[in-house]
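Below are the chains, spelled out letter by letter.
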Amino acid sequence: MNKVFTWMAWIGVPLSVIGSVFHWSALLMFVIYCLTIIALASYMGRATESLAIVAGPRIGGLLNATFGNAVELIISIFALKAGLVEVVLASLTGSVLGNLLLVAGLSFFVGGLKYKRQEFNVYDARHNAGLLTFAILVAFVIPEVFTMDMSDQDKLALSVGISIIMIILYLAALYFRLVTHRGVYQQKSEIIEEHEKPEWTKGKSILILALATIAVAYISERLVHTFETVAESFGWSELFIGIIIVAIVGNAAEHASAVIMAYKNKMNVAVEIAVGSTLQIAMFVAPVLVLVSLLFPEKMPLVFSLPELIAMVVSVLLTIVLSNDGDTNWFEGATLLAAYTIMGIGFYLL
Amino acid sequence: MNKVFTWMAWIGVPLSVIGSVFHWSALLMFVIYCLTIIALASYMGRATESLAIVAGPRIGGLLNATFGNAVELIISIFALKAGLVEVVLASLTGSVLGNLLLVAGLSFFVGGLKYKRQEFNVYDARHNAGLLTFAILVAFVIPEVFTMDMSDQDKLALSVGISIIMIILYLAALYFRLVTHRGVYQQKSEIIEEHEKPEWTKGKSILILALATIAVAYISERLVHTFETVAESFGWSELFIGIIIVAIVGNAAEHASAVIMAYKNKMNVAVEIAVGSTLQIAMFVAPVLVLVSLLFPEKMPLVFSLPELIAMVVSVLLTIVLSNDGDTNWFEGATLLAAYTIMGIGFYLL
Amino acid sequence: MNKVFTWMAWIGVPLSVIGSVFHWSALLMFVIYCLTIIALASYMGRATESLAIVAGPRIGGLLNATFGNAVELIISIFALKAGLVEVVLASLTGSVLGNLLLVAGLSFFVGGLKYKRQEFNVYDARHNAGLLTFAILVAFVIPEVFTMDMSDQDKLALSVGISIIMIILYLAALYFRLVTHRGVYQQKSEIIEEHEKPEWTKGKSILILALATIAVAYISERLVHTFETVAESFGWSELFIGIIIVAIVGNAAEHASAVIMAYKNKMNVAVEIAVGSTLQIAMFVAPVLVLVSLLFPEKMPLVFSLPELIAMVVSVLLTIVLSNDGDTNWFEGATLLAAYTIMGIGFYLL
């Protein structure tokens, strides 16, 4: 798997530069950009992982929790710079739906084909359920309902206030998990698992992280400008591109590793990737983007479209109902995948 | 109980024919039709049950799961044929509310008057909770929100897509329960219970099922044409007839047996009837009706009125919160009945 | 703590009379009234508590459950008399949010700073979760959705019907907890805790309760007439005064004792105060106010504004998700407080 991504990156980056210099067709470039970013994201994930192991569990957890969705963050910042507020909100929605329904669904389904029942830490599941409820059902729903008759200025004030509270609570959650309650809700066997060897040295990891970040930034800026053409060519809405394509591109490598973990019966890790990534998107990437958007002419309030919001709300409720017993099987995976398909059709027709 | 239904059927069927030939008053015929269908539904239930026992657990489960709401399906098809799309949606809503709140509520309440605490299989409860969430909170809510500004054609396309996914997932759920995970989540004592003797032979069951189906079809076609007169006479809306009357008529026999099971402390069976029937309505009858409606001039998209949808959503949430501990008592029953009464008043005043 | 309230009451009551006779400024009087009511509410709480102990658990439970929010009830009746229907609905919302998010949040947080994990009776939590779901998600949501296109008369009819059902179910819940299922869901150690000595004799308790009630009534009538001036002076909406100020004033003493209980690791009591008080507001005070409003020219239907309703709905969902494992820690408290802050900002900007 890693080899494929290595090849894709080594071919994709030069192709991206050449293609953009010689003005190849937007459609072709869209495909090249997407594949290259997928490969680079995999690199960044491995570098972050190595750094995290070197840095020890506390700083490592912090690194994973903040850089884990760096690619998504970078693409979104360039999209905000290009004034594509709706696309950014859509890609945030897409990441939440993709992680909760597609990644968790595939993990449960594929894992469940091999094992009759798989288990994961029920305390983590409940902790995550609380955060998901806070992030989506409170922090995303409240501005939607309260800003209906609000001036744009108040709308932004509420969004900024909520964003700051979300970031603080996200950091508090890290402090809770990594410092005050480290291991409190885990069994001993689970804690031992954590002693791993880093793939790369500290220096190499930082170098790769830096180079890949620059490359992703370069490509992202070009990628967002192909959206309009692609949308027209395929008859897709920009919303659909944001929700399905950007979300999948930004998270593909991560998605793959979650499914592999599920197949190895490491359900704790698979769930952690799927739900942890969702929480990072909702409680860190989204509010940071709201604050970053203040630097650009087009501000982004934390107000999703109603279909986006409702899709996220029901996904969270479905995830909580399915996962709060800490037990999974292929049918729970199928249910999540069915929900993802329904929403995919819905967003396609919207 | 069965004797009463036998008499009702033997008197009701001829009366229905005579009355419809001699054009008796619509009000009288409405009452005769309803009582006769209740009696015939009981017959069909017993025939399906006998067939299911003969056929073994796998095919039997499939039979129960598809023919269990045959009466409701038949009435609804004739209502669709008569163009009464709103009445069909209302009667689907009524069946969901009736099963989740009235049947489960009466079962918990009546059972709870005799036993301080009653228990049912908590794994089944969770499996059902996942399906209820999928069916109502995802598959019913998504089209409501997404089709607000959609063309009628896209609305129907989304409805058909969702319906096909629901039917596939419903069949997958049967495959899960009857094949891959049969007994996995059950205690041994529960499995042994299943060896029963059929009431009727295979041949007799099929004959009765066939004759009763023809009779129900004949009467249903006439029944739906009395709605308008009845609605006018009593000052009821057709919606109210659909939600309260049709739903109760189609499920009366089943309702009675759930309460009897609860009184015998067979809570697993009572819950299975109430929730299983809800799932069958939501995940099989409703999508099948959407597909069947394509044959008629008046198509039925899977879009309920907002009060119908919200009533179903809050009923599902209440059911999940009350039942996910696998423990019931009279007060939980009273809570469900109170919720049903509130919704009844609401739909009456609508 | 009690001493402070005693001083506040002995100074506050005469000041309230003098100030109102000599027409001191509305702002000053608003502050005096609020502080005096907080002190008197503490007195009434202690008197009710003493009476409850003398009267034994059954009648005592009934007393606590009906007089526990007497102050809120009295203020609201005078607000209804003054035609301030929106303020009353807002203060009901504020009490629900304040108890579920602020009081429970502070209790979990403060208790969690001292203890890594705190536990409370999980059966009580589930019983309360069912009632919260019924009260907020069914009884408050249904009239909101169903009355959208209703005449004012039907709106009131539905509200009265729901109110009567809520009061009956609330009494049934008391009967369940105090009579039919007393101790059924508790451990022995928890039951023994209940033998306490009353602070005051029966006669003194009744006298204090009577005098404090008269004083609260006198001051409340004057308090509600200062709202307009205060709202103008501070640029607050009357809604904001209702949601934040009235709710805090009516419950301050109770709030303090919940947090103290959490700090003493008596989590059962802390949760009982927070959630029990919410249920009393939602299932007893709110419906009683609907019925009382029938005596005044301005009737109060049970229809909240959409932001109020959604804020309560998501608070209930968050509470249920966080508390259904019977385990708390500082982070769960922080999550509830963050949700309260978000809603506070929202209502301030509304």
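Residues numbered from 1 in each chain as written. Chains lettered and ligands numbered in written order. Predicted model: local features only at pLDDT ≥ 70, side-chain atom pairs only at ≥ 80, totals over all residues. Heavy atoms only, no water.

## Thoughts on the relation of the copies chain B and chain A
Working step 1: For the pair chain B and chain A, the superposition axis carries a translation of 0.0 Å, the fit reaches an RMSD of 0.1 Å, and the rotation angle comes to 120 degrees. Here the copies are linked by what is in effect a three-fold axis.
Working step 2: When the interface residues of chain B are mapped onto chain A, a mere 3% of them again fall at the interface, so the copies present different faces. (Least-squares fit on C-alpha atoms with pLDDT ≥ 70 in both. Contact = heavy atoms within 4.5 Å.)

## A few points about the UniProt feature "domain: Sodium/calcium exchanger membrane region" (unreviewed entry) in chain A
Working step 1: Mapped onto this numbering, the UniProt entry gives "domain: Sodium/calcium exchanger membrane region" (unreviewed entry) at residues 26–178 and 205–342 of chain A.
Working step 2: For residues 205–342 of chain A, the helix share is 81%, the strand share is 1%, and the end-to-end C-alpha distance is 40 Å. (UniProt positions renumbered as here; feature names shortened; annotations may be inferred. Helix = DSSP H or I, 4+ residues; strand = E, 2+ residues; numbered from the N terminus.)

## Some thoughts on the relation of the copies chain C and chain B
Working step 1: Rotating chain C by 120 degrees and translating it 0.0 Å along the rotation axis places it on chain B, where the RMSD comes to 0.0 Å.
Working step 2: Of all interface residues in chain C, a mere 3% are interface residues in chain B too; the two copies therefore contact each other through different surfaces.

## A word on the interface of chain B and chain A
Working step 1: The interface of chain B with chain A comprises 34 residues on the first partner and 30 residues on the second.
Working step 2: For the pair chain B and chain A, the summed buried surface comes to about 2,700 Å²; carbon and sulfur atoms form 82% of the total.
Working step 3: For the pair chain B and chain A, the number of links is zero salt bridges.
Working step 4: Looking at the side of chain B that touches chain A element by element, the count peaks at 15 residues for helix α5 (residues 122–146) of chain B. (Buried area = accessible area lost by both parts, 1.4 Å probe. Salt bridge = Lys/Arg side-chain N within 4 Å of Asp/Glu carboxyl O.)

## With respect to the environment of Ser20(C)
Residues and elements named next belong to chain C.
Working step 1: Here Ser20 shows up in helix α1 (residues 2–21).
Working step 2: Expressed as a C-alpha distance, the spacing of Ser20 and Met300, which sit 280 residues apart in the sequence, is 29 Å.
Working step 3: Contacts of Ser20, omitting those with residues within four sequence positions, involve Met29, Tyr33, Tyr218 and Arg222.

## Here's the deal with helix α11 (residues 267–293) of chain B
All names here are of chain B.
Working step 1: Helix length check: α11 (27 residues) gives 37 Å between terminal C-alpha atoms against 39 Å at 1.5 Å per residue, within 8%.
Working step 2: Taken as a whole, α11 carries its principal kink of about 35 degrees at Ile281.
Working step 3: The buried fraction of α11 amounts to 23 of the 27 residues, a majority that puts the element mostly inside the structure. (Expected span 1.5 Å × (residues − 1). Bend = angle between axes of the 7 residues up to and from the residue. Buried < 20%, exposed > 50% of the residue type's maximum accessible area, 1.4 Å probe, protein only.)

## What about the interface of chain C and chain B?
Working step 1: At the junction of the two partners, chain C supplies 34 residues and chain B supplies 30 residues.
Working step 2: Of the roughly 2,700 Å² buried between chain C and chain B on both sides combined, carbon and sulfur atoms contribute 82%.
Working step 3: Our count for the contact surface shared by chain C and chain B stands at zero salt bridges.
Working step 4: For the pair chain C and chain B, the number of links is three residue pairs in polar contact (both at pLDDT 80 or more).
Working step 5: Secondary-structure elements contributing two or more residues to the side of chain C that touches chain B are α5 (122–146) and α6 (152–180) of chain C. (Polar contact = N/O pair within 3.5 Å; in protein donor to acceptor, adjacent residues only side chain to side chain.)

## Points about unusual backbone geometry
Working step 1: A positive phi angle, close to 50 degrees, is found at His23(B), a residue other than glycine.
Working step 2: Here His23(B) lies in the loop between α1 (2–21) and α2 (26–67).
Working step 3: For Asn265(C), which is not glycine, the phi dihedral falls at a positive 65 degrees.
Working step 4: Structurally, Asn265(C) is set in the loop between α10 (238–263) and α11 (267–293).
Working step 5: You can call Asn265(C) partly exposed: its relative accessible area is 33%.

## Section: the packing of aromatic side chains
Working step 1: Applying the stated criterion across every chain, the model contains 42 aromatic pairs over all chains.
Working step 2: Here the aromatic cluster, defined as three or more aromatic residues joined through ring pairs, consists of Phe109(A), Trp330(A), Phe331(A), Tyr175(B) and Phe176(B).
Working step 3: The aromatic ring of Tyr218(A) is capped on one face by Arg222(A), whose charged end is 3.9 Å from the ring centroid.
Working step 4: When the ring centre of Tyr43(B) is taken as reference, the NZ or CZ atom of Arg46(B) above it lies at 5.4 Å. (Phe/Tyr/Trp six-rings, centres within 6.5 Å; stacked < 30°, edge-to-face > 60°. Lys NZ or Arg CZ within 6 Å of the ring centre and 35° of its normal.)

## Focus: the packing of helix α5 (residues 122–146) of chain A against helix α13 (residues 330–349) of chain C
Working step 1: In the contact formed by α5(A) and α13(C), the axes pass within 10 Å of each other and the chain directions differ by 0 degrees. Classed by the angle they form, the pair α5(A) and α13(C) counts as roughly parallel. Between α5(A) and α13(C), the contacting residues are His127(A), Leu131(A), Phe134(A), Val138(A), Ala139(A), Ile142(A) and Phe146(A) on the first element and Phe331(C), Thr335(C), Ala338(C), Ala339(C), Ile342(C), Met343(C), Gly346(C) and Phe347(C) on the second.
Working step 2: Residues that form the contact of α5(A) with α13(C) fall into these classes: twelve nonpolar, three polar and no charged. (Axes fitted to C-alpha atoms, helices over the stretch in contact; angles between N-to-C directions. Parallel < 35°, antiparallel > 145°, perpendicular 65-115°, else oblique. Nonpolar A, V, L, I, M, F, W, Y, C, P; charged D, E, K, R; others polar.)

## Side note on a nonpolar patch on the surface
Residue and element names in this part refer to chain A.
Working step 1: Together, Val17, Ile18, Val21, Phe22, Trp24 and Leu28 line one region of the surface with nonpolar side chains, adding up to about 540 Å² of accessible area.
Working step 2: Among the elements that take part in the nonpolar patch, helix α1 (residues 2–21) stands out by supplying three residues, more than any other.
Working step 3: Within the fold, Val21 resides in helix α1. (Patch = residues over 30% accessible without salt bridge, like charges linked within 9 Å, V, L, I, M, F, W, Y side chains within 5 Å. Areas by Shrake-Rupley, 256 points an atom, 1.4 Å probe, with all protein chains shown as cover.)

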